[in-house]
There are 2 protein chains.
Amino acid sequence: MFEAAEIGHKLSKGEYKRIEPALRADLLDVQYEVSKNGTFPVIVLISGVRGAGKGETVNLLNEWMDPRHIHTHAFDNPTDEERDRPPMWRYWRALPPKGKIGILFGSWYTAPIIERVFKRTRRADLIQSIDEIRHFERMLSDDGALILKFWFHLSKRRQRKRLKALQSDPETAWRISERDWDFFKVYDRFYQVSEDTLRETSVAWAPWTVVEGSDPEYRTVAVARALLEAMRARLAAAARGQPQSKVSEAARLTRPVDKRDLLTQLDLTQAVAKKRYETELRKQQRRLSLLTRHPKFREHTVIAVFEGMDAAGKGGAIRRIAGALDARLYRIIPIAAPTDEERAQPYLWRFWRHVPMKGRYTIYDRSWYGRVLVERVEKFASEFDWVRAYAEINDFEEQLSRNGGIIVKYWLQISKEEQYRRFKEREKTRHKQFKITAEDWRNRKQWDAYQRAAAEMIERTSTSIAPWTLIEANDKYFCRVKVLTALCDRVERAISA
Amino acid sequence: MFEAAEIGHKLSKGEYKRIEPALRADLLDVQYEVSKNGTFPVIVLISGVRGAGKGETVNLLNEWMDPRHIHTHAFDNPTDEERDRPPMWRYWRALPPKGKIGILFGSWYTAPIIERVFKRTRRADLIQSIDEIRHFERMLSDDGALILKFWFHLSKRRQRKRLKALQSDPETAWRISERDWDFFKVYDRFYQVSEDTLRETSVAWAPWTVVEGSDPEYRTVAVARALLEAMRARLAAAARGQPQSKVSEAARLTRPVDKRDLLTQLDLTQAVAKKRYETELRKQQRRLSLLTRHPKFREHTVIAVFEGMDAAGKGGAIRRIAGALDARLYRIIPIAAPTDEERAQPYLWRFWRHVPMKGRYTIYDRSWYGRVLVERVEKFASEFDWVRAYAEINDFEEQLSRNGGIIVKYWLQISKEEQYRRFKEREKTRHKQFKITAEDWRNRKQWDAYQRAAAEMIERTSTSIAPWTLIEANDKYFCRVKVLTALCDRVERAISA
């Protein structure tokens, strides 16, 4: 991939002077159109070898366009808040909102490549990283992001020359350190690993552009033109009303012909008597409290997810978990309508932001599964968006799990009759009136559609690392004991692994 | 203050059992009303001696109320992202939005008290901290927050007994460490320093409630009742349409009778020829670039603020600063309408969140001064709100400055005629049409009111640590050179101090 960027691309100063004014003006214009359009972010990755002009190019882009609408992020060593979470957390934090341009210096590619070059990881690790990156970029692209990835290249001979030149000029000597020469020593290996990585990640929705970095005029115009063309093409497509990517008909699960599924199979008559409930609840709460204090728990996080029909008892079950824990250790995130900052980001962003640090719990009262439940049934999300959510969610949970996350997902199942009884009861009870709204009655009319969506969701997203626990919830006592017991079992297994 | 909390307050188990159910139900009810009301946050500070039941009480509050609408934050050692910013940054981050209850364990009181107890600070430092805390809480209260501060107290004898009891029970022994006994050794000093601090900070808008911590039933009911009553009273006041705190007539500055002020004094005919501009600009940009690379710069941050009438040339001046800097080192924050997450917080929250780390620049294109400019003139803010903003802003800037912040504030002044010329020009130029809107023409009609507000703002907020630099901006070249020169001067002075 790099050969074409070693042929000595050049642009004469005269040529550059001729091109520059219109290119700048056009870029600025298009930047404002992207901002006014406001439906997609532009994500620009700047990577490549040292001394190839990455920094200079980014500075120029900031100078040519309106820097107030560019978010430039340089990823140095992660902070301790970042180190404690899955590696992608810091990139999610830095994503530009819709309508803005984000320039990322050093990106999700840096660590996998560098670690492999210096043999701190195995080839299999690199392949896994590449796979994850493809999924991540696919998600961004599906979500509408325009992704441009630039790789600044220099031939070995030119890089040596360039580093020496920088070093001998007192103006620029400060930019060159021991580390740069350490990198130069492994040039060949770096070449190989990056080329492999680029080849594997140069995909239709996020292709790489390799830029020869030796001539400042050439590289500037190359990057600026590519950016301009890409933004223009995207705006034109948006104006035409870009066709939504198609969903394969095979992606639609039909309901089993016998109408039986995991949910209809449940025995909802299971119950626990009050006395036994009280003993058992206390026992499990005590168990959870002890497990949480176990020294090995500090290497883990718990991410608990509660889903279920309205009035299924999610709140009550959550409070029984909270009751066993120190309030400093958990955070409960009730999922309501997204804020406007959340709406300007990819769907999972608003869940990523609450990912706990080690030793902590985050309990989501409703969750990212809303995408394939309420948003699917009520048609708030397009079919394309909710179908792709299955894969995105699995990726997300896998990342949480690899970071020590114990993911416990509950579906609380009640019968339609039991829901009716609870709605009526809530309307009568002073303390519970706030819990019942016209919307609840409306949703109830869609009971079957919700059940079908839930059954499909469970089928598609129950993985070994993040299995669903189905809870027969007609009896509240039975429900709470089962919820707590399942949580304890999962935590116990994780810390004794 | 503590004597009354050493008399052995107790509540019998029977009494407690009688009170508890209604108290819980009422608290839950009122919590939902606060949430539905949505106009103010409830901030609960939990402080006091060890072993006095702080943790247990917070857990109970979370159990009794709906923990999904409580944000509990425990402040442990600051993370590196926090350490790099002014000390209050971490508390701003943790403030609950309107409608929610925030329980803060360990708060802005912890460090000042502990540092003083162990004599790592002088008495004068404590007094200064107390002063800052008063201002901060005053701001929160003025902004509508309901603030409750609980201090859990134990007599020396009871604390010793309690620590021993915890230590000898295998169930709770893990909670007691060497550190707890270290603290116990300085009990008397701790008593003295905290009592002083509490006395100085028990103010009408944020009073302390001292709670005797030895009896679990008593302390729980004491805290729960206080919280319940305070929320009820606030809701009742809100329902009556709480009278806005009054602004003293003396707070209103009248315009000087001769109509001369700092702005009318400026000589707007000053200009620089193009050739000299180009030389001078390059010189100052180079100077800024070198200053930024100075090793001592890494102990500082630059916070630059641009204010001025529409079309005064803020964007152009900002781009000349950006042009001198590495894009990784600055962030430009254009101030537009607040997002809904920002609207749910005190006014300065949306500026605090962008405070830079050491070695970085944040450039605000319009700023917190909007409160006393556009929000004042257009009456978006009540008089009470914009008048108190002067003092709040001075506090904010003082905190930035103490953290190594170099605060450079520019007012770009143009004449009314020059503004007209620029508006007309913008309407004609393709690239600049986006810059001119109907609103700009509307604001122009209020020219005099804006000028008066600006003159007053400059008079009230030009401090030695954060002076305003007035820029005669009719000539763009003159303006940009003066902006850059002033910035360089300030940075130079700071790093050679």
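Residues numbered from 1 in each chain as written. Chains lettered and ligands numbered in written order. Predicted model: local features only at pLDDT ≥ 70, side-chain atom pairs only at ≥ 80, totals over all residues.

Student: Would you take a moment to explain the overall build of chain A for this structure?
Tutor: Broken down by element type, chain A carries 20 helices and 10 strands. Projecting the C-alpha coordinates of chain A onto the three principal axes gives extents of approximately 85 × 55 × 40 Å. With 497 residues in all, chain A has 37% of them scored as buried. Nonlocal contacts in chain A, meaning residues at least 24 apart in sequence, comprise 83% of its contacts between residues at least 6 apart. (Helix = DSSP H or I, 4+ residues; strand = E, 2+ residues; numbered from the N terminus. Buried ≥ 20, exposed ≤ 12 C-beta atoms within 10 Å, placed from the backbone. Contact = placed C-beta atoms within 7 Å.)

Student: What is the right way to read the relation of the copies chain A and chain B from this model?
Tutor: Screw-axis analysis of chain A against chain B gives a translation of 0.0 Å along the axis, an RMSD of 0.0 Å, and a rotation angle of 180 degrees. On this basis, the relationship between the two copies can be described by a two-fold rotation axis. (Least-squares fit on C-alpha atoms with pLDDT ≥ 70 in both.)

Student: Mind showing me how you'd approach the domain arrangement of chain A here?
Tutor: All names here are of chain A. Taken domain by domain, chain A holds domain 1 (3–240) and domain 2 (274–495). Here the C-alpha centroids of domain 1 and domain 2 sit 39 Å apart. Domain 1 puts 14 residues into the contact, and the matching count from domain 2 is 16 residues. Elements with a contribution of two residues or more to the side of domain 1 that touches domain 2: helix H4 (89–94) and helix H6 (123–142). Among the elements that line the side of domain 1 that touches domain 2, the one with the most residues is H6, at four residues. For the side of domain 1 that touches domain 2, the residue count by class is eight nonpolar, one polar and five charged. (Domains from an automatic or database assignment. Nonpolar A, V, L, I, M, F, W, Y, C, P; charged D, E, K, R; others polar.)

Student: Is there a simple way to explain the interface of chain A and chain B in this structure?
Tutor: Each side of the interface is counted separately: chain A has 33 residues, and chain B has 33 residues. Looking at the side of chain A that touches chain B element by element, the count peaks at five residues for helix H2 (residues 54–64) of chain A.

Student: Any chance you could explain the sheet that holds strand E4 (residues 146–153) of chain B here in plain terms?
Tutor: Hydrogen bonds along the backbone pair up the strands of a sheet, which may run parallel or antiparallel. Residues and elements named next belong to chain B. Read across the sheet, five strands follow the order E2-E3-E1-E4-E5 without closing on themselves; strand pairing throughout is parallel. Each edge of the open sheet is held by one strand with a lone partner, namely strand E2 (70–74) and strand E5 (208–212). The sheet shows a mean angle of 20 degrees between the axes of neighbouring strands, taken without regard to direction. By the bridge criterion, five bridges tie E4 to E5 in an arrangement that is parallel. Note that in E5 the partner of tryptophan 151 across the bridge is valine 210. (Pairing = 2+ DSSP bridges. Axes fitted to C-alpha atoms, helices over the stretch in contact; angles between N-to-C directions.)

Student: Could you clarify how one ought to interpret the nonpolar core in this entry?
Tutor: For soluble globular proteins, the rule of thumb is that nonpolar side chains tend to be buried together. One finds Ala304(A), Ile321(A), Leu412(A) and Leu487(A) to be the most contacted residues of the largest nonpolar core, which totals 61 residues. Considering every element that reaches this core, the biggest residue donor is helix H20 (residues 476–495) of chain A, with eight residues. Non-local contacts of Leu412(A), meaning those with residues more than four positions away in its chain, are made with Phe306(A), Gly308(A), Ala312(A), Gly313(A), Lys314(A), Ala317(A), Ile471(A), Ala473(A) and Cys479(A). Ala324(B), Leu325(B), Tyr361(B) and Ala453(B) belong to the second largest nonpolar core, which has 60 residues in total. (Core = buried A, V, L, I, M, F, W, Y, C linked by C-beta atoms within 7 Å.)

Student: Please explain the pairing of strand E3 (residues 101–105) of chain B as it appears in this structure.
Tutor: Two faces belong to every sheet, and in a regular strand the side chains alternate between them. All names here are of chain B. The buried fraction of E3 is high, at four of five residues. Two strands pair when backbone bridges link them, and strand E1 (residues 42–48) and E3 are joined in this way by five bridges, in the parallel orientation. Residue pairing across strands places isoleucine 43 opposite glycine 102, the latter belonging to E3.

Student: Where do I start with unusual backbone geometry in this structure?
Tutor: Excluding glycine, a negative phi dihedral is what most residues carry, and trans is how most peptide bonds are arranged. All names here are of chain A. In this model, alanine 311 sits at a positive phi of 70 degrees, which is unusual for a non-glycine residue. One can find alanine 311 in the loop between strand E6 (301–308) and helix H12 (314–322). Look at alanine 311 and you get buried, because 23 C-beta atoms sit within 10 Å.

Student: Help me out: how do you make sense of helix H19 (residues 447–461) of chain A in this one?
Tutor: Think of an α-helix as turning once every 3.6 residues; residues three or four places apart then point the same way. All names here are of chain A. Spanning 15 residues, H19 covers 21 Å between terminal C-alpha atoms, matching the ideal 21 Å at 1.5 Å per step. Among the residues of H19, those classed as buried are Ala453, Ala454, Ala455, Glu456, Met457, Ile458 and Thr461. Lining the buried residues of H19 we find helix H15 (374–377), helix H16 (383–402), strand E9 (405–413) and strand E10 (468–472). (Expected span 1.5 Å × (residues − 1).)

Student: It is not clear to me how the sheet that holds strand E8 (residues 361–365) of chain B should be interpreted in this structure. Could you clarify?
Tutor: Residue and element names in this part refer to chain B. Taken together, the five strands give an open sheet; going across it, the order is E7-E8-E6-E9-E10, and neighbouring strands pair in parallel fashion. The outermost strands of the open sheet, each flanked by one partner alone, are strand E7 (330–334) and strand E10 (468–472). Going across the sheet, the axis of each strand differs from the next one's by a mean of 20 degrees, ignoring polarity. The pairing of strand E6 (residues 301–308) with strand E9 (residues 405–413) spans eight bridges and is classified as parallel. Opposite phenylalanine 306, over in E9, you have tyrosine 410 as the bridge partner. This element, helix H16 (residues 383–402), spans E6 and E9 of the sheet and lies at about 135 degrees to E9.

Student: Which parts of the structure should I look at to understand the packing of helix H5 (residues 110–117) of chain A against helix H9 (residues 187–201) of chain A?
Tutor: Relative orientation and spacing of two packed helices are given, respectively, by the angle between their axes and the distance between those axes. All names here are of chain A. The contact between H5 and H9 brings their axes to 9 Å, and the two run at 140 degrees. It follows from the interaxial angle that H5 and H9 lie oblique. For the crossing formed where H5 meets H9, the hand is right-handed. On H9, the residues that touch Ile113, Arg116 and Val117 of H5 are Arg189, Phe190, Val193, Ser194 and Thr197. Partitioned by chemical class, the residues of the contact of H5 with H9 number four nonpolar, two polar and two charged. (Parallel < 35°, antiparallel > 145°, perpendicular 65-115°, else oblique. Left-handed = near helix turned anticlockwise from the far one by under 90°.)

Student: Looking at this structure, I do not really get the packing of helix H12 (residues 314–322) of chain B against helix H20 (residues 476–495) of chain B. What am I missing?
Tutor: Residue and element names in this part refer to chain B. Where H12 contacts H20, the two axes come as close as 10 Å, and the packing angle between them is 45 degrees. In terms of axis orientation, H12 runs oblique to H20. Relative to H20, H12 is oriented so that their crossing is right-handed. For the pair H12 and H20, the contacting residues are Gly316, Ala317, Arg320 and Ile321 in the first and Lys476, Cys479, Arg480, Val483, Leu484 and Leu487 in the second. Counted by class, the contact of H12 with H20 contains six nonpolar, one polar and three charged residues.

Student: Would you take a moment to explain the environment of Trp368(A) for this structure?
Tutor: Looking at the secondary structure, you find Trp368(A) in the loop between strand E8 (361–365) and H15. Trp368(A) has contacts with Leu348(A), Phe351(A), Ile393(A) and Phe396(A), leaving out every residue within four places of it along the chain.

Student: Looking at this model, I keep getting lost on the environment of Val42(A). Mind explaining?
Tutor: Note on placement: Val42(A) falls in strand E1 (residues 42–48). If we skip the residues at most four places from it in the chain, Val42(A) touches Val34(A), Ile101(A), Leu146(A) and Met231(A).

Student: Which parts of the structure should I look at to understand the confidence of the model for chain A?
Tutor: A low pLDDT score tells you not to read the predicted coordinates there in detail. Residues and elements named next belong to chain A. Summary statistics for chain A give a mean pLDDT of 91 and a share of 95% for residues scoring 70 or more. Looking over chain A, one finds the lowest element-wise mean pLDDT in helix H18 (residues 438–445), namely 86, and the highest in E6, namely 98. The complex model carries a pTM of 0.83, and its ipTM stands at 0.78. (pLDDT = per-residue confidence, 0-100.)

Student: Help me understand the environment of Ala466(B) in this model?
Tutor: Residue and element names in this part refer to chain B. Along the chain, alanine 466 turns up in the loop between helix H19 (447–461) and E10. Sequence-wise, alanine 466 and alanine 389 are 77 residues apart; in three dimensions their C-alpha atoms are separated by 16 Å. Those residues in contact with alanine 466 that sit more than four places away from it in its chain are Glu397, Ser401, Ile407 and Lys409.

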